[in-house]
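# Structural characterization, general
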Amino acid sequence: MPSASDTVRAPRAGLATALKAVGLLALVVAVVTFPMLAANPFILSVGVVIMSYAVLATSWNFVGGFTGYMSLGHASYSGLGGYATGLLVIHTGINPWLALLAGGLLVAVVAVPVGIASLRVRGASFVIVSIALVLIMLLVFQSWSELTGGSNGLRVPRPFGPDVLRPEQHERFFYIHAGLLAVALLLWWVIDRSRFGIGLKAIREDEDKAQALGVPTFSYKLVAFVISAFFTALGGGLYALWFGFLDPIFQFSILVGAYMVLMSLLGGIRSLFGPLLGAVIVGYALEFFKAEYGDTQFHLVALGLLLGIVVLFMPDGIIPALTGLVKRFTPQASSIREVTQAELAEQRRLGQAGEEPPGGPGDTARNVAEGARS
Amino acid sequence: MSLLLQSIVLGVLLGGLYALLAAGLTLYFGVMRVVMIAHSAFLILAAYLAWWFSTETGIDPLVSLVATVPLFFLVGVGMQRLLIARLRPATMTMMSVLLTFAIALTIEGLLGYVFTGTQRRVRLSYGGGDFEVLGANIAVVKLIAFGLAAASLLALFLVLTRTKFGQALRATIQHPEAARLVGINTERIAGYGFGIGLATAAVGGTALSLDSTIYPSLHWHWIGPLMAIIVVGGLGSIPGAAIAAMVLGLGQSLLQIPLGTTWAQTFFYVALFLTLMLRPQGFFGGRLAQRF
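Cut-offs used in this document
Residues numbered from 1 in each chain as written. Chains lettered and ligands numbered in written order. Predicted model: local features only at pLDDT ≥ 70, side-chain atom pairs only at ≥ 80, totals over all residues. Helix = DSSP H or I, 4+ residues; strand = E, 2+ residues; numbered from the N terminus. Buried ≥ 20, exposed ≤ 12 C-beta atoms within 10 Å, placed from the backbone. Rg over C-alpha atoms; globule rule 2.2 N^0.38 Å. Contact = placed C-beta atoms within 7 Å. Nonpolar A, V, L, I, M, F, W, Y, C, P; charged D, E, K, R; others polar. pLDDT = per-residue confidence, 0-100. Axes fitted to C-alpha atoms, helices over the stretch in contact; angles between N-to-C directions. Parallel < 35°, antiparallel > 145°, perpendicular 65-115°, else oblique. Left-handed = near helix turned anticlockwise from the far one by under 90°. Core = buried A, V, L, I, M, F, W, Y, C linked by C-beta atoms within 7 Å. Pairing = 2+ DSSP bridges.

## So, the overall build of chain A
Counting its secondary structure elements, chain A contains 18 helices and two strands. When burial is assessed residue by residue, chain A has 45% of its 374 residues classed as buried.

The following block contains the structure:
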C-alpha cells in the first residue's frame, strides 16, 4: 500500500545500508578488541560496569522506548534478578548460568501482576507503581535478613573456579555482558520492525487513537513490560555473578533506575543504539567522577541537573539530534510531516488511478509510527 | 486498650500531615497533570530551613513559616512557568515526572552538600512535653504539627470553595478548555495552583521539623506513601486524598502493633496495588482519574 513516507526514500537506500553495515562492524570490532586494548584490569572492570549499564538501559528501552512509559523503578527488576540468581546458586547449588536464566524467568513472572496493576490506566499510575516497587523492595530485602542477609549483604559465589584470576574474570564477564547486550539489541530490532512494534509505537504516540484503531493496547504494553523486566533481571543477575556481593541499598536504589532513564534518554529512546551510547557516556562519566572525587553528594546534583537539562532541551536524545543534523545536508529528507497537503493530494489521486484505495487503518497506524521515528 | 487508643491517636495525628501534603500533590496533578516527585524533597528542604533558622536565631521554628510559605509559593509559580510549561503537551505526564525527579535529586544533593548527611533535629523547650487523654499519651509537638496541618487544610478548603480564585482553580482542574472558554486565564491559575501546592510542602516541612530527625535522603520515605495516598484517593480529587490519607495513616499506625514499624510501612504499598487491581481510578476519583 503506498504511504507518503515510502515514496521519497528509495534512491539513497543503498548507501545508507552500506554506512550502517560499516558502523555496525566498527562497533563489533570495538567491543571485541576492548579487553585486549584495556591498559589494566581497572580499566577492564570499568568496561564491564559500562557494559552492564548498557544491558540495563537497553532492557529498560523495551518499555520506555516503544511505549513511552518511563519507569523510574527498573532497579527493582535488576535487584530482584541479582538476588534471585544469588539465592538460587547458594541454596540449590545449581549451575550459575542456569540460576541466572531461572532468576530472569522468575522476575518475569513477578512482573506480570505488577504490570497488570500499573498498566491498566495511563502513565501516572505506572510511574507511581514503579517508584513504590523500588521502595517496597528495599524495605523487604533490608528487613527480611534471614533470607537476604539484610543490610549485611549477600555474598554470591563466583561462577568460575579460583584458578581464574581477576583480569581473566573481567574479560570473560565483559564478553558475556556483550553477548547479552547483542541478544537484547537484536530482539529490540526485530520488534521495531514487527507489527507488534508498530502497535507499541502507536501507543506511544497516541494511546486513544491506537486503541480506536484496534491495537490491543493493554496486552501489548504488558508483553513489552515483561520482556523488559526479563532482560533487566538477566542484567542484574549477571552483575551479581560478576561483582559477587549484593547490598539492598545499592541493588534497590532509586538512582540505578534513574541512571537507566538518563542513559536511554540521553542517547535517544527511539533509536536502537541510543541506550548503548548513553550508557557509554553516562557510565564513563560516573566512573570518572567516582575515581576522581570519590562518593560525594555532588554526583546527585550532577545527575539531577543533567537529567533536567536532557528532559528540557533534548528529550529526543543525541542520536536523533545528530541524524537530524546530517539529514539537513542531504537532499530532501523523508518524513511524512514534510509532505505538503498538495503533494499528498496528488499522490492520492495517482493512487486512486491505480487500483489500491489509499489509507486503510493499518496504513494510518504505520504512518503514525513512521512520522514518529523520523 | 490504651495501646489501641494510643495508636489511633497517633494515626490521626500522622494522617493530618499526610492529608495536607497529599492535597498539595493533588493540586499539581489537577492543574497540570503532573506527578510531582519533588514534593517531598521540598518538604525536607522546608524542614531543613526551619531547623537552620531555629539553630541560627534561637527563635521557634514555626516562625520560619512567615518566610518559607511565600518563598515556596513563588518558587512553585516560577517552576510551573519556567520549567513545567516548557514541556511538550503530548508527553507532559512522563517528562514532568522525570523533570521533577531531577529536581528532587538536585535538592537532595544540595542539602547533603550544604548541611552534610548528618541527622539533624530541632531542640525545643517544649519538645519533650506531653499530656494524657483517656490513657493515650499525646506529644505536644505532634499536636502542634497536626494543628498546623489541619488549619492549612481548612484554609485551603475555604479558598477552593468560597473564593472566586478557588472556583477558577477548580474549573481549571475539571476542564481546562471549558475554563478557558468562560474567560479564565488557566495558565496563570495553573501557576498559582502549583504555588499553593508547594506552599503546603513548606507548612508540612516545618511541622515535620518539630518532631522528626531529618536527613537529606528522608524524602524517599515520604514520597512513596504520598503517591500511594493520591492513587488510592483517586488522582485529582482533594477530598479523596484527604480521606485516603486519614484512613491509610490510621491503618499504618494500627498495623504497627502486630507487625512492627518496618513492615507496617508496606501497608501503603499493599493498598496501592490493591487499589490499582480492583479500582484503578481510585476510590474518590472522577472522570479525570480514569484517564491517568
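From this point on, the discussion continues.
## Some remarks on the overall build of chain B
Helix and strand counts for chain B stand at 13 helices and two strands. A compact globule built from 292 residues should have a C-alpha radius of gyration of about 19 Å, and chain B, at 19 Å, falls within 12% of that. A principal-axis box enclosing the C-alpha atoms of chain B has dimensions of 55 × 45 × 35 Å. The buried share of chain B, taken over its 292 residues, is 54%. A separation of at least 24 residues holds for 79% of the contacts in chain B among residues at least 6 apart in sequence.

## Quick notes on the environment of methionine 95 of chain B
Inspection of the secondary structure puts methionine 95 of chain B in helix H4 (residues 92–115). The spatial distance from the C-alpha of methionine 95 of chain B to the C-alpha of threonine 106 of chain B is 16 Å, given a sequence separation of eleven residues. What methionine 95 of chain B contacts, discounting residues up to four positions off in sequence, is Val311 and Pro315 of chain A together with Leu87 of chain B.

## Section: unusual backbone geometry
Residue and element names in this part refer to chain B. Here the phi dihedral of arginine 33 falls at roughly 60°; this positive angle occurs in a residue that is not glycine. Summarising the element assignment, arginine 33 is placed in the loop between helix H1 (2–32) and helix H2 (39–57). In this structure arginine 33 comes out as buried when scored by C-beta crowding, with 22 C-beta atoms within 10 Å.

## Considering the interface of chain B and chain A
At the interface, 39 residues of chain B touch 35 residues of chain A. No other element matches the 16 residues that H4 of chain B contributes to the side of chain B that touches chain A. Taken together, the residues of the side of chain B that touches chain A sort by class into 27 nonpolar, nine polar and three charged.

## With respect to the confidence of the model for chain B
Close inspection of predicted coordinates is inappropriate for parts of the model with low pLDDT. For chain B, mean pLDDT is 87; residues scoring 70 or higher make up 97% of the total. Element-level pLDDT for chain B is lowest in helix H13 (residues 287–290) of chain B, with a mean of 52, against a maximum mean of 93 in helix H3 (residues 65–82) of chain B.

## Considerations on the packing of H1 of chain B against helix H8 (residues 186–211) of chain B
Residue and element names in this part refer to chain B. As a packed pair, H1 and H8 sit with axes 8 Å apart at the nearest point and diverge in direction by 160°. On the basis of the axis angle, H1 is roughly antiparallel to H8. In the crossing of H1 with H8, the sense of the turn from one axis to the other is left-handed. Residues Leu17, Leu20, Leu21, Ala23, Gly24, Leu25, Leu27, Tyr28, Gly30, Val31 and Met32 of H1 form the contact with H8, whose own contacting residues are Ile189, Ala190, Gly193, Phe194, Ile196, Gly197, Thr200, Ala201, Val203, Gly204 and Ala207. Classifying every residue of the contact of H1 with H8 by side-chain character gives 16 nonpolar, six polar and no charged.

## Remarks on the packing of helix H5 (residues 140–162) of chain B against helix H6 (residues 164–174) of chain B
Residues and elements named next belong to chain B. One can describe the packing of H5 onto H6 by two numbers: an axis separation of 5 Å at closest approach and a directional angle of 85°. Taken together, the axis directions place H5 and H6 in an arrangement best described as roughly perpendicular. Only Phe165, Gly166, Leu169 and Arg170 of H6 make contact with H5, whose side of the interface consists of Val159, Leu160, Thr161 and Arg162. Residue composition of the contact of H5 with H6, grouped by class: four nonpolar, two polar and two charged.

## So, the nonpolar core
With 207 residues, the main nonpolar core has Ala132 and Leu262 of chain A together with Ala22, Leu98, Ala228, Ile229 and Leu272 of chain B as its most contacted residues. Among the elements that line this core, the one with the most residues is H1 of chain B, at 17 residues. Non-local contacts of leucine 272 of chain B, meaning those with residues more than four positions away in its chain, are made with Val129 and Ala132 of chain A together with Ala228, Val231 and Val232 of chain B.

## Here we look at the environment of tryptophan 97 of chain A
All names here are of chain A. Within the secondary structure, tryptophan 97 is located in helix H5 (residues 96–119). Judged by C-beta crowding, with 15 C-beta atoms within 10 Å, tryptophan 97 ranks as partly exposed. The sequence separation of tryptophan 97 and proline 157 amounts to 60 residues, and the corresponding C-alpha distance is 12 Å.

## Some thoughts on the pairing of strand S2 (residues 136–139) of chain B
All names here are of chain B. With four bridges joining them, strand S1 (residues 130–133) and S2 adopt antiparallel strand pairing. Across the sheet, residue valine 133 finds its bridge partner in S2, namely alanine 136. Adjacent in sequence and paired antiparallel, S1 and S2 are bridged by two residues, among which leucine 134 carries a positive phi angle near 50°.

## Digging into the confidence of the model for chain A
Residue and element names in this part refer to chain A. When pLDDT is averaged along chain A, the result is 83, and 86% of the positions lie at 70 or above. Taking the mean pLDDT of every element in chain A, the minimum, 43, falls on helix H18 (residues 361–373) and the maximum, 94, on helix H11 (residues 217–243). Note on residues 5–10: pLDDT under 50 across the span, and nine contacts to partners over four residues away in sequence or across chains.

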